Amino acid sequence: MISSLLGSMSADLLIPKDRLDYLLRSAPYRYKVYQIPKRSGSGTRTIAQPAKEVKSLQYWVIKNIYPFFPIHPSATAYTIGKSILKNSEAHATKPYLLKLDFKDFFPSITGNDFLQYSKNIKQLALSDRDLRLLMRLLFWLSERNYDFRLSIGAPTSPFLSNAIMYQFDQVVFDYCNERNISYTRYADDMAFSMHNIKMRSEVLEMVQNTLTSLPFPKLQLNHKKTIFGSKAHRRIVTGLVLSNNDTVSLGREKKRRIRAQIHHLLLGRLDNKEISKLKGMLAFAHDIEPAFVERMVEKYGEKVIKSLRSA
């Protein structure tokens, strides 16, 4: 149990309390902000990277405070023992799929959301002042909207997003569990699989109602990314293909790309950067679909594939 934020941090990090107090109060302003293109090619994403001294304090929070925050089993991102493979496998055996996406997920989670959430974590036993200092450490103060927002770029943001989503995940899971619907959430991507095609629209309505009724966080769906899927069409969950034989696959395009790159390697057409990228692709393939890598061994020889799988 942590009863004093400044006392615990000062004792562990050997930083005087007055210096810590200053760092915590000024932390929301100590971010390097820049833009990167979105993967969709439409618009940019704001990255707010905490300064070195802020980041070191955030790592202390990850080690000492985050273990008190429960994470729902349906949350499969940023969690030890979970992966995109496990996230996809949960939906492999049911024919109908609904995929939903949150709009501006991290920036939509606010410091006030954290204050409401953390007051229910009795193991912390922190004062209101300490909770507000902790909030200032974990949230970036955006000049655009003058509000404390979860930043894309802080090491604490991924886990904290899962923690604050616990109540949402529990409500949605309970609804789905009663109806034999599989539900997982990988960061801002939600996936639902079911046997009854009519349930897709009902689940969508339920999620919208849940977002409206819960006191926090106040999130919105990105309706442009809502997808209704079925076995009649290709189903993709967190980048992996759900095959009609109830298994998870890399998909034909990824396999084709790997085969082509191995062929270019044998012709001496890849530079060191491209070879390193191919090694990463092959390691990923082995984790997802090891049978495909075995076929590459049979086709190109064990020596070639082993060289690519070495460090």
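The structure contained in this document is the topic of the report that follows.

About the criteria used
Residues numbered from 1 in each chain as written. Predicted model: local features only at pLDDT ≥ 70, side-chain atom pairs only at ≥ 80, totals over all residues. Heavy atoms only, no water. 1 Å grid on protein atoms, 1.4 Å probe; cavity = no way out; pocket = protein on both sides within 12 Å on 5 of 7 lines; lining within 4 Å. Points joined across faces, edges and corners; volume = space filled by probe spheres on them. Helix = DSSP H or I, 4+ residues; strand = E, 2+ residues; numbered from the N terminus. Nonpolar A, V, L, I, M, F, W, Y, C, P; charged D, E, K, R; others polar. Expected span 1.5 Å × (residues − 1). Contact = heavy atoms within 4.5 Å. Axes fitted to C-alpha atoms, helices over the stretch in contact; angles between N-to-C directions. Parallel < 35°, antiparallel > 145°, perpendicular 65-115°, else oblique. Salt bridge = Lys/Arg side-chain N within 4 Å of Asp/Glu carboxyl O. Buried < 20%, exposed > 50% of the residue type's maximum accessible area, 1.4 Å probe, protein only. Pairing = 2+ DSSP bridges.

1. As for the layout of surface pockets
Computed from the structure, the largest pocket encloses a volume of approximately 1,800 Å³. Around the largest pocket sit 49 residues that line it, and Lys38, Arg45, Asp104, Asp188 and Lys225 are the ones nearest its centre. Mapped onto the lining of the largest pocket, the elements with two or more residues apiece are β1 (31-37), β2 (44-50), α4 (84-89), β3 (96-101), α5 (105-108), β4 (140-142) and β7 (189-194). The class makeup of the residues in the lining of the largest pocket is 21 nonpolar, 14 polar and 14 charged. A volume near 190 Å³ is recorded for the second largest pocket. Lys231, His233, Arg234, Arg235, Val241, Leu242, Ser243, Asn244, Ser249, Gly251 and Arg252 together form the lining of the second largest pocket. Residues that form the lining of the second largest pocket fall into these classes: 2 nonpolar, 5 polar and 4 charged.

2. Notes on helix α3 (residues 52-64)
In this model, α3 (13 residues) spans 19 Å end to end at C-alpha, consistent with the 18 Å of a helix rising 1.5 Å per residue. Its buried side turned inward, α3 meets α1 (5-13), α2 (17-26), β1, β2 and α7 (128-138).

3. Let's talk about the packing of helix α12 (residues 272-288) against helix α14 (residues 302-309)
Contact pair α12 / α14: the axes reach a minimum separation of 8 Å and the direction vectors enclose 100°. The angle between α12 and α14 falls in the class roughly perpendicular. Residue-level contacts link Ile275, Leu278, Lys279, Leu282 and His286 of α12 to Ile305, Ser307, Leu308 and Arg309 of α14. Of the residues belonging to the contact of α12 with α14, the class tally is 5 nonpolar, 2 polar and 2 charged.

4. Points about the pattern of salt bridges
One pass over the structure, following the stated rule, counts 11 salt bridges. A salt bridge links arginine 256 to glutamate 253, with the nearest nitrogen and oxygen atoms 2.9 Å apart. One end of the pair is arginine 256 and the other is glutamate 253, both in helix α11 (residues 252-266) and 3 residues apart, which spans about a single turn. For arginine 256, a relative accessible area of 43% puts it in the partly exposed group.

5. A few points about the sheet that holds strand β9 (residues 235-237)
The antiparallel open sheet is built from 3 strands, whose spatial order is β9-β10-β11. Edge positions in the sheet fall to β9 and β11 (248-249), since each of these pairs with one other strand and no more. Both β9 and strand β10 (residues 240-242) contribute to a ladder of 3 bridges, which runs antiparallel. Note on β10: the bridge partner recorded for isoleucine 236 is valine 241.

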